[in-house]
Amino acid sequence: MSQASQHGKWTLSSSDDDNDDPLPSASNNNSPLLFGSPPPDQHTSSESNHNSPKIGSNFHQPKHDPDPPPSIEVKPEPKSDTVTAATPLSIGSEARHAAQASQLKPVKYESNQSSPFLAGKRKKDDDSISGWALSDSDDDDKDKGQSSGQKDPQPKRSNPKLKKAKVEERPPSPHGRTYYIDEPDDFFETSVPPVNDTYRFYLNKVTGLEKRYNTGALHIKEILSPLFGTLKESVQFNYCFDIAWMLQQYPPEFRDKPVLIVHGDKREAKARLLQQAQPYSQVRFCQAKLDIAFGTHHTKMMLLWYEEGFRVVILTSNMIRADWYQKTQGLWMSPLYLRLPKGSPETAGESPTLFKRDLLEYLGAYRAPEIADWIQRIREHDLSETRVYLIGSTPGRYLGSDMERWGHLRLRKLLRDHTRPIPNEEKWPVIGQFSSIGSMGLDKTKWLAGEFQRTLTTLGKSSLRPDPPMHLIYPSVDDVRTSLEGYPAGGSLPYSIQTAQKQIWLHSYFHRWQAETTGRSHAMPHIKTYMRASPDFTQLAWFLVTSANLSKAAWGALEKNNTQVMVRSYELGVLYVPSAFSMSTFPVQMDVFPATTPSTAFPVPFDLPPKCYSSKVGAAHERLRAEKPVEGNHAQNEQYGWWHCHAGGSCQDEPAGRVPHEGGGCFPCNAQC
């Protein structure tokens, strides 16, 4: 169920069918990264229910730095048609920026509050999208010096040399002051970046890493740049949008090209999204149908139509700056698909993986006339070079052969048809890595260790039903505390306390986020990946990158004695199987960056083997009351008191301080829980 407020849009975690189950008696002291969320009876569809808490007054001014401040170039005053900081615009589930977006009394962000580590220059966004109010300090003094018995002074001609400079007023970002600083000049590629033609799987660039860890990674500005084609039109499928920011990522020469936004917002959230686009005549909308409760439009995909051809990008990032800033994200970028000769048969341009057919089927499931032209364009292009399989989810209840069209049963079918049994496969662990966790029942057999594990352990048409180890990678509180973003990174890792208390059994599966191989141990993951690894973790039987988190809403759940499957959400990902690359297994790449040449080894985004939570990590929420974030990794952490609320459940006693966000968990707050 989508909710909306001044803090953004949020959705309850996955399936709600277990909400009435009794709580187990075990203590929750061994919880991983948890976020308190209000009980279901506290959630209503009224936006006003979430508007009452005002947390802005509890924020402190950033400390003055003793060193001379660097010069900072501030933005010009926004035009009248923009939304100012006085009327904050809620952008989808931008509650991961909640502290930023909800500041009703923004702090003046002056140059004398900068710190030595703020390298770079102030962002120079277009006036029409800056959205920040500027104050004129002269206005504060216009009534001074006047008393009841004095005549009005003669007006004086203003001296531009003496007039105080306008300063930018911005709410403190939960991602720190560097959030408002441009990436360095050498952050983006000026020529065609190194392209991994083997797998076409890329990680996003991360601000703050050594350059070598971004060599071969991609940023949205590069994806949309002329380096990959002369853009004519595009479609952006996503969950969360900042339209002004998104359009700024297009190069100036493509910025006025038509853009279709496919979203799942309803009612107030939809109205806010449309409001964002008012200044931009090139933006059109397509609302995805969500007829099943708790479903979301979570698919993240770009369709890019060039003068030279057509391209598909399937990714894990929302269309907001925070997702392209200091998080680990991933994407698959297709080759450039050329136009077929006129008169080609309908079956022309198909790939061995039937990617064209499956993409058309997925787009057809929207039943939206706004997408019809794009369906026709895809038919007219040659997708035969594609070597991955498409795995999508679309909302509905499916029977018979339709059960294998979507969700985890679609993955099961592909693994059965396109992989082969492996000797000693019971020793090949299954690995799942995700950024959100839904309700899976009071015991593991309800879904995870039942139907979902059967899917993940399928290899060929073998009748064996092995029970291999299952490693689930989800950051601990300490991983978040020491991250580049600090505790605000937890806003993108929702796992509600109410859900966690009902499935304490799940915590024994958890492993920490460590990614030294990609330099991203401190860039918290919003990427979602699943794979089957060899016992020594040097080979992969298959690999999947997707938008689907660990939830029944995303993957689907069997119903009515396994005769039908119910899927709540839209999701999309791509599956790599060795047979499509004429290989028996994928070797795991040891050193992913710098990625300057193609490799047949697969670039797994994190370290293998995964590292289990320790007993100390499990009780991290107790230690966090005494441990603040690492000095320097996040300028604003101290202001929030989030080390009180991240895990363990204390936030559930302070409903006024919670901020809802993507996934339905609790975005930790500055309430003293």
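The rules behind each value
Residues numbered from 1 in each chain as written. Predicted model: local features only at pLDDT ≥ 70, side-chain atom pairs only at ≥ 80, totals over all residues. Heavy atoms only, no water. UniProt positions renumbered as here; feature names shortened; annotations may be inferred. Pairing = 2+ DSSP bridges. Helix = DSSP H or I, 4+ residues; strand = E, 2+ residues; numbered from the N terminus. Axes fitted to C-alpha atoms, helices over the stretch in contact; angles between N-to-C directions. Buried < 20%, exposed > 50% of the residue type's maximum accessible area, 1.4 Å probe, protein only. Polar contact = N/O pair within 3.5 Å; in protein donor to acceptor, adjacent residues only side chain to side chain. Salt bridge = Lys/Arg side-chain N within 4 Å of Asp/Glu carboxyl O. Core = buried A, V, L, I, M, F, W, Y, C linked by side-chain atoms within 4.5 Å. Contact = heavy atoms within 4.5 Å. pLDDT = per-residue confidence, 0-100.

Per an unreviewed UniProt entry, the chain carries the name Tyrosyl-DNA phosphodiesterase 1 and comes from Oncorhynchus tshawytscha. The record held by UniProt for the chain lists under Sequence similarities (unreviewed entry) the comment "Belongs to the tyrosyl-DNA phosphodiesterase family."

(A) Expanded view of the sheet that holds strand β20 (residues 557-559). Taken in spatial order, the 3 strands make up an open sheet running β14-β21-β20, and their pairing is antiparallel. Both edges of this open sheet fall to β14 (396-399) and β20, since each of them pairs with a single strand only. In this sheet, adjacent strand axes meet at a mean angle of 30° when their direction is disregarded. Bridge count for β14 against strand β21 (residues 564-567) is 4 bridges, and the pairing is antiparallel. Within the sheet, the bridge partner assigned to Tyr-398 lies in β21 and is Val-565.

(B) The arrangement of the UniProt feature "binding site: substrate" (unreviewed entry) in the chain in detail. Sites flagged by UniProt as "binding site: substrate" (unreviewed entry) map to Lys-300 and Lys-528. Taking the farthest pair of C-alpha atoms as the criterion, the annotated set spanning 229 residues converges on one region, since that pair is 11.8 Å apart. Tracing the chain through its elements places Lys-300 in the loop between β9 (283-287) and β10 (301-306). Note that Lys-528 resides in strand β18 (residues 528-533). A relative accessible area of 0% means that Lys-528 is categorised as buried. A distance of 3.3 Å separates a polar atom in the side chain of Lys-528 from a polar atom in the side chain of Ser-435.

(C) Geometry of the UniProt feature "site: Interaction with DNA" (unreviewed entry) in the chain. Within this structure's numbering, the places UniProt gives as "site: Interaction with DNA" (unreviewed entry) are Ser-551. Note on placement: Ser-551 falls in the loop between β19 (539-546) and α12 (552-555). Within the structure, Ser-551 has its side chain in polar contact with the backbone nitrogen of Ala-554 (distance 3.1 Å).

(D) Expanded view of the pairing of β21. Burial along β21 is two-sided: Gln-564 and Met-566 facing one way and Val-565 and Val-567 facing the other are all buried. Note that β20 and β21 share 3 bridges and pair antiparallel. Within β21, the position partnered with Ala-557 by the bridge is Met-566. Here β20 hands over to β21 after 4 residues, with Lys-560 in that stretch at a positive phi of 50°.

(E) Main features of the pattern of salt bridges. If you walk through the whole model with that rule in mind, you get 18 salt bridges. Across the salt bridge formed by Lys-327 and Glu-485, the nearest N and O atoms sit 3.2 Å from each other. With a gap of 158 residues between them, Lys-327 in the loop between β11 (310-315) and β12 (330-333) and Glu-485 in the loop between α10 (477-481) and α11 (497-502) connect regions that are remote in the sequence. For the residue pair Lys-327 and Glu-485, the accessibility class agrees, reading buried in each case.

(F) Fine view of the nonpolar core. Counting 111 residues, the largest nonpolar core has Leu-448 and Tyr-576 as its most contacted members. When residues in this core are grouped by element, the largest group, 6 residues, is from β19. Other than its neighbours up to four places away in sequence, Leu-448 contacts Met-440, Gln-453, Met-470, Leu-472, Trp-505, Leu-506, Tyr-509 and Leu-550. Among the nonpolar cores identified, the runner-up in size contains 31 residues, and Leu-224, Ala-244, Trp-324 and Leu-331 belong to it.

(G) Region of interest: unusual backbone geometry. Between Leu-608 and Pro-609 the backbone carries a cis peptide bond, its omega angle lying at -5°. Position of Pro-609 among the secondary structure elements: in the loop between β23 (586-587) and α13 (615-618). Positive phi is not limited to glycine here, since Arg-200 has a value of about 55°. Tracing the sequence through the fold places Arg-200 in the loop between β5 (167-170) and β6 (201-203). With a phi angle near 60°, Phe-537 is a residue other than glycine that sits in the positive phi range. Turning to its location among the elements, Phe-537 is positioned in the loop between β18 and β19.

(H) The arrangement of the environment of Met-403 in detail. Here Met-403 shows up in the loop between β14 and α8 (407-418). Taking relative accessible area as the criterion, Met-403 reaches 12% and is therefore assigned buried. Sequence-wise, Met-403 and Val-565 are 162 residues apart; in three dimensions their C-alpha atoms are separated by 6.0 Å. Excluding its chain neighbours within four sequence positions, the residues that come into contact with Met-403 are Tyr-398, Leu-409, Leu-558, Asn-562, Thr-563, Gln-564 and Val-565.

(I) Structural detail: the confidence of the model for the chain. Taken as a whole, the chain shows an average pLDDT of 75; of its residues, 62% reach a score of 70 or greater. This model gives residues 35-153 a pLDDT under 50, and the stretch forms 276 contacts once residues within four places in sequence are excluded. Note on residues 160-170: pLDDT under 50 across the span, and 34 contacts to partners over four residues away in sequence or across chains.

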